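What follows is each chain in one-letter form.
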There are 2 protein chains.
Amino acid sequence: MNTQGFLFERLCIIGPGLIGGSIARMARAHGGVARHVVTTANTEASRARVRELGFADSVADTPEEAVQGADGVVLCIPVGAYAGVMSRIGPHMAPGAVLTDAGSTKGSVVRDVLPHLPAGVHFVPAHPMAGTEFSGPDAGFPSLFEGRYCIMTPLPGTDASAVAKVRALWEAAGSMVETMDPATHDKVVAMVSHLPHLIAFTICGTADDLAEETREAVLKFAASGFRDFTRIAASDVAMWRDVFLNNREALLEMLARFTEDSHALARAVRYGQADFIEDRIRRGRKIRRGLIERKQA
Amino acid sequence: MNTQGFLFERLCIIGPGLIGGSIARMARAHGGVARHVVTTANTEASRARVRELGFADSVADTPEEAVQGADGVVLCIPVGAYAGVMSRIGPHMAPGAVLTDAGSTKGSVVRDVLPHLPAGVHFVPAHPMAGTEFSGPDAGFPSLFEGRYCIMTPLPGTDASAVAKVRALWEAAGSMVETMDPATHDKVVAMVSHLPHLIAFTICGTADDLAEETREAVLKFAASGFRDFTRIAASDVAMWRDVFLNNREALLEMLARFTEDSHALARAVRYGQADFIEDRIRRGRKIRRGLIERKQA
């Protein structure tokens, strides 16, 4: 906190979509976070919409302009766009500024940001584990991060006060902040988030093929199981394309593990091994109970 | 409808769990469905609990006793238990009675019921596509079936008035009734319900193994994708074991299709084929939109 009681004098949010728009709305609703919130988007339509919605104090036409004089910068763009945006904003960032992000992969983010990071700017990667099936400037809301985890992956030797500021930002948003190294983060989220999305996208296509092939209205009878899968399958295209491409190794490893396990269960079904099947179902129930006890469900 | 305006004089529900208990509650809440609702359960604890909850007019100690004098009988038990229960109740069923069920597989149900079906009893298989993650006598509620599909799979030559009665039962429950043959039913539900459950049970185990192996709190960070999967993974053990074992061929076929498709997407991730990945994500979104338009989501 500075003497005026603001965490950041000028907080710049690059990408005012679901995540960026929610951070901006939260910062303006919360007295202590930012004196001024500036944002920018890559299309004139999005910039105009943010001006209409009024959730930022100002809207810059370019990222170069947006970061000028900002003591806090948050990248809220698809992770595949980091290198390009960093090459543009790096030369314009203020010395002493804190740079953070909201990307779902962390190894690729470190790889793409560091080459463009100016001396004296402190980079603290972060990943708020929150989202909805909606995207764009209209999708955000100030309470999106409340009660959700935010994983920070600061690199060794990072300025401690910069790390503390990013932690304070997410705590102000109502998140529970955890710290781990980027590689562990990427493995954990590959399992709990990226693989489930890959499965959801896939099963929608498999069902659609069957519906076309048999001329049966398979989708008409989507039971509750399938409906849950389609909710996450409605996620943003560019974001998820970039997540898959930038967490490739961990995602492919988790898919391989899942495929082995699904084949083991299929084999038990084929040979009528009731005990094995029951054991797998019980395990799912146990994990569900664990999540409920942790109040994550 | 008989002259007193009841669809059934004495409606017998075998298995007063989530589904059976909901049918009983619906029948008693709905003036025209049944003059008397009798039920039975396979444990004294469940029978005592149904008496306490009071959602049936009477509770019989055995299925043989329960079906006596009933003009309508609904099997609401795991599909693996049908043959055993039918061998017990067949000799005690009233001539002219209508027998139906709520099982999630239909080919196996026809296979297991027909050998025990007495002459003069009309069997009309049905599958209400509704459920929650809870089970047992306390889990049911009268509106469970409202606005949900119920698929009937009557065999050729079945008494038309028996078919009409079962349709009227589900329409009274608020369901949209569709008719198809058992084999088509089994294929459709393998895709939209059984495969998603197999996947959900599996991924919970895969995550649990990873958590143990890496000593990382993978489950702690279960993001929204994973949470949706665990909701269906909390389903009833005996019911799902029996579903898998009794819809084996269709389930294994759908898993094989899904596995091919997931490997195609994995290959695109490995080789950085952004267009392929985007196409798959867009397809998921399209299907989600289709479900929303159908008001299923």
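Residues numbered from 1 in each chain as written. Chains lettered and ligands numbered in written order. Predicted model: local features only at pLDDT ≥ 70, side-chain atom pairs only at ≥ 80, totals over all residues. Heavy atoms only, no water.

### Side note on the relation of the copies chain B and chain A
You can overlay chain B on chain A at an RMSD of 0.0 Å; the transform is a turn of 180 degrees with a shift of 0.0 Å along its axis. In short, the pair behaves as if placed about a two-fold rotation axis. Nearest to the rotation axis, the C-alpha of B:Asp228 is located 2.9 Å from it, this being the minimum over chain B. When the interface residues of chain B are mapped onto chain A, 100% of them are again interface residues, pointing to one common binding face. (Least-squares fit on C-alpha atoms with pLDDT ≥ 70 in both. Contact = heavy atoms within 4.5 Å.)

### Regarding the environment of B:Ala266
Within the secondary structure, B:Ala266 sits in helix α10 (residues 248-270). When near neighbours in sequence (up to four residues on either side) are disregarded, B:Ala266 contacts A:Leu252 and A:Leu255. (Helix = DSSP H or I, 4+ residues; strand = E, 2+ residues; numbered from the N terminus.)

### Remarks on the sheet that holds strand β7 (residues 126-128) of chain A
All names here are of chain A. Overall, mixed pairing links the 3 strands, which are arranged β7-β8-β9 in an open sheet. Strands at the two margins of the open sheet, each flanked by one partner only, are β7 and β9 (176-179). Neighbour-to-neighbour, the strand axes of the sheet open up by a mean angle of 20 degrees, direction not taken into account. Relative to strand β8 (residues 149-152), β7 runs antiparallel, the two sharing 3 bridges. In the strand pairing of β8, histidine 127 is matched with isoleucine 151. (Pairing = 2+ DSSP bridges. Axes fitted to C-alpha atoms, helices over the stretch in contact; angles between N-to-C directions.)

### What to know about the state of the cysteines
Taken as a whole, this structure holds 0 disulfides over all chains when the rule is applied. With no disulfide of its own, A:Cys150 has A:Cys76 as its nearest cysteine by sulfur position, at a separation of 11 Å. The buried category is assigned to A:Cys150, whose relative accessible area is 0%. In this structure B:Cys76 is a free cysteine whose sulfur lies 9.3 Å from that of B:Cys12, the closest cysteine sulfur available. (Disulfide = S-S within 2.5 Å. Buried < 20%, exposed > 50% of the residue type's maximum accessible area, 1.4 Å probe, protein only.)

### Points about the packing of helix α7 (residues 182-214) of chain A against helix α10 (residues 248-270) of chain A
Residue and element names in this part refer to chain A. In the contact formed by α7 and α10, the axes pass within 9 Å of each other and the chain directions differ by 65 degrees. In terms of orientation, α7 lies roughly perpendicular with respect to α10. Viewed along their axes, α7 and α10 form a crossing whose handedness is right-handed. Contacts between α7 and α10 involve Asp186, Lys187, Ala190, Met191, His194, Leu195, Leu198 and Ile199 on the former and, on the latter, Ala250, Leu251, Glu253, Met254, Leu255 and Phe258. Here the residues of the contact of α7 with α10 are counted per class, giving 10 nonpolar, 1 polar and 3 charged. (Parallel < 35°, antiparallel > 145°, perpendicular 65-115°, else oblique. Left-handed = near helix turned anticlockwise from the far one by under 90°. Nonpolar A, V, L, I, M, F, W, Y, C, P; charged D, E, K, R; others polar.)

### Some details on the interface of chain B and chain A
With 90 residues of chain B in contact, the opposing surface of chain A contributes 90 residues. Interface of chain B and chain A: buried area, both sides summed, is about 8,700 Å²; carbon and sulfur atoms make up 67% of it. The largest share of the area that chain B buries against chain A comes from B:Lys220, B:Phe221 and B:Arg288, three residues that together contribute 8% of it. Between the two partners, chain B and chain A, sit 9 salt bridges. Among the salt bridges present, the one from A:Asp208 reaches B:Arg283, with a minimum N-O distance of 3.1 Å. Remark: the boundary between chain B and chain A carries 15 residue pairs in polar contact (both at pLDDT 80 or more). Within the residue set of the side of chain B that touches chain A, elements represented by two or more residues are β8 (149-152), α7 (182-214), α8 (224-233), α9 (237-246), α10 and α11 (274-293) of chain B. For the side of chain B that touches chain A, the element with the most residues is α7(B), which contributes 24 residues. Residue classes in the side of chain B that touches chain A are distributed as 45 nonpolar, 18 polar and 27 charged. (Buried area = accessible area lost by both parts, 1.4 Å probe. Salt bridge = Lys/Arg side-chain N within 4 Å of Asp/Glu carboxyl O. Polar contact = N/O pair within 3.5 Å; in protein donor to acceptor, adjacent residues only side chain to side chain.)

### Some points on the pairing of strand β5 (residues 98-101) of chain A
Residue and element names in this part refer to chain A. Of the two faces of β5, the one holding Val98 and Thr100 and the one holding Leu99 and Asp101 are both buried throughout. Relative to β5, strand β4 (residues 72-75) is paired through 4 bridges, and the arrangement is parallel. Bridged to glycine 72 within β5 is valine 98. Since β4 and β5 lie parallel, the crossover through helix α4 (residues 82-89) that links them has a hand, and here it is right-handed. Bridging between β5 and strand β6 (residues 122-124) involves 3 bridges; their strand directions are parallel. Bridged to threonine 100 within β6 is valine 124. The β-α-β motif built from β5, the intervening helix α5 (residues 107-113) and the parallel element β6 has right-handed crossover chirality. (Right-handed = clockwise from strand over helix to strand, strands pointing away.)

### With respect to α7(B)
For an α-helix, the turn length of 3.6 residues means that residues three or four places apart are oriented alike. Residues and elements named next belong to chain B. In this model, α7 (33 residues) spans 46 Å end to end at C-alpha, consistent with the 48 Å of a helix rising 1.5 Å per residue. At alanine 190, α7 is deflected by roughly 55 degrees, the largest bend along its length. Among the 33 residues in α7, 27 count as buried, and that is most of the element. (Expected span 1.5 Å × (residues − 1). Bend = angle between axes of the 7 residues up to and from the residue.)

### A short note on the domain arrangement of chain A
All names here are of chain A. By the assigned domains, chain A splits into domain 1 (8-180) and domain 2 (184-293). Where domain 1 abuts domain 2, roughly 1,300 Å² becomes buried across the two surfaces, and 63% of that area is made up of carbon and sulfur atoms. Taken together, the links from domain 1 to domain 2 amount to 0 salt bridges. Joining domain 1 to domain 2, the criterion identifies 6 residue pairs in polar contact (both at pLDDT 80 or more). With 4 residues, the top contributor of residues to the side of domain 1 that touches domain 2 is α5. Residue classes in the side of domain 1 that touches domain 2 are distributed as 6 nonpolar, 8 polar and 4 charged. (Domains from an automatic or database assignment.)

### What about the sheet that holds β6(A)?
All names here are of chain A. Strand order in the open sheet formed by 6 strands is β3-β2-β1-β4-β5-β6, with parallel pairing between adjacent strands. Strands with a single pairing partner mark the edges of an open sheet, and in this sheet they are β3 (58-60) and β6. Direction aside, neighbouring strands of the sheet carry axes that sit 25 degrees apart on average. As paired elements, strand β2 (residues 34-40) and β3 share 3 bridges and run parallel to each other. Opposite valine 38, over in β3, you have serine 58 as the bridge partner. Sitting on the sheet, α4 touches β1 (8-14), β4 and β5, and the angle it makes with β4 is about 155 degrees.

### Quick word on the packing of aromatic side chains
All names here are of chain A. What the rule picks out here adds up to 10 aromatic pairs over all chains. With a centroid separation of 4.9 Å and an interplanar angle of 85 degrees, the aromatic rings of phenylalanine 145 and tryptophan 170 are classed as edge-to-face. Note that phenylalanine 145 is positioned in the loop between β7 and β8 and tryptophan 170 in helix α6 (residues 160-172), a separation of 25 residues in sequence. Owing to a relative accessible area of 1%, tryptophan 170 belongs among the buried residues under this scheme. Relative to tryptophan 240, the ring of phenylalanine 201 has its centre 6.5 Å away and its plane inclined at 70 degrees; by these criteria the two rings are edge-to-face. Taken as a pair, phenylalanine 201 in helix α7 and tryptophan 240 in helix α9 (residues 237-246) lie far apart in primary sequence, 39 residues in all. Residue phenylalanine 201 shares its accessibility class with tryptophan 240, and that shared class is buried. Ring-pair connections join several aromatic residues into one group, and the members of that group are Phe201, Trp240 and Phe244. Taking NZ or CZ as reference, arginine 280 lies 4.3 Å from the ring centre of phenylalanine 276, over its face. (Phe/Tyr/Trp six-rings, centres within 6.5 Å; stacked < 30°, edge-to-face > 60°. Lys NZ or Arg CZ within 6 Å of the ring centre and 35° of its normal.)

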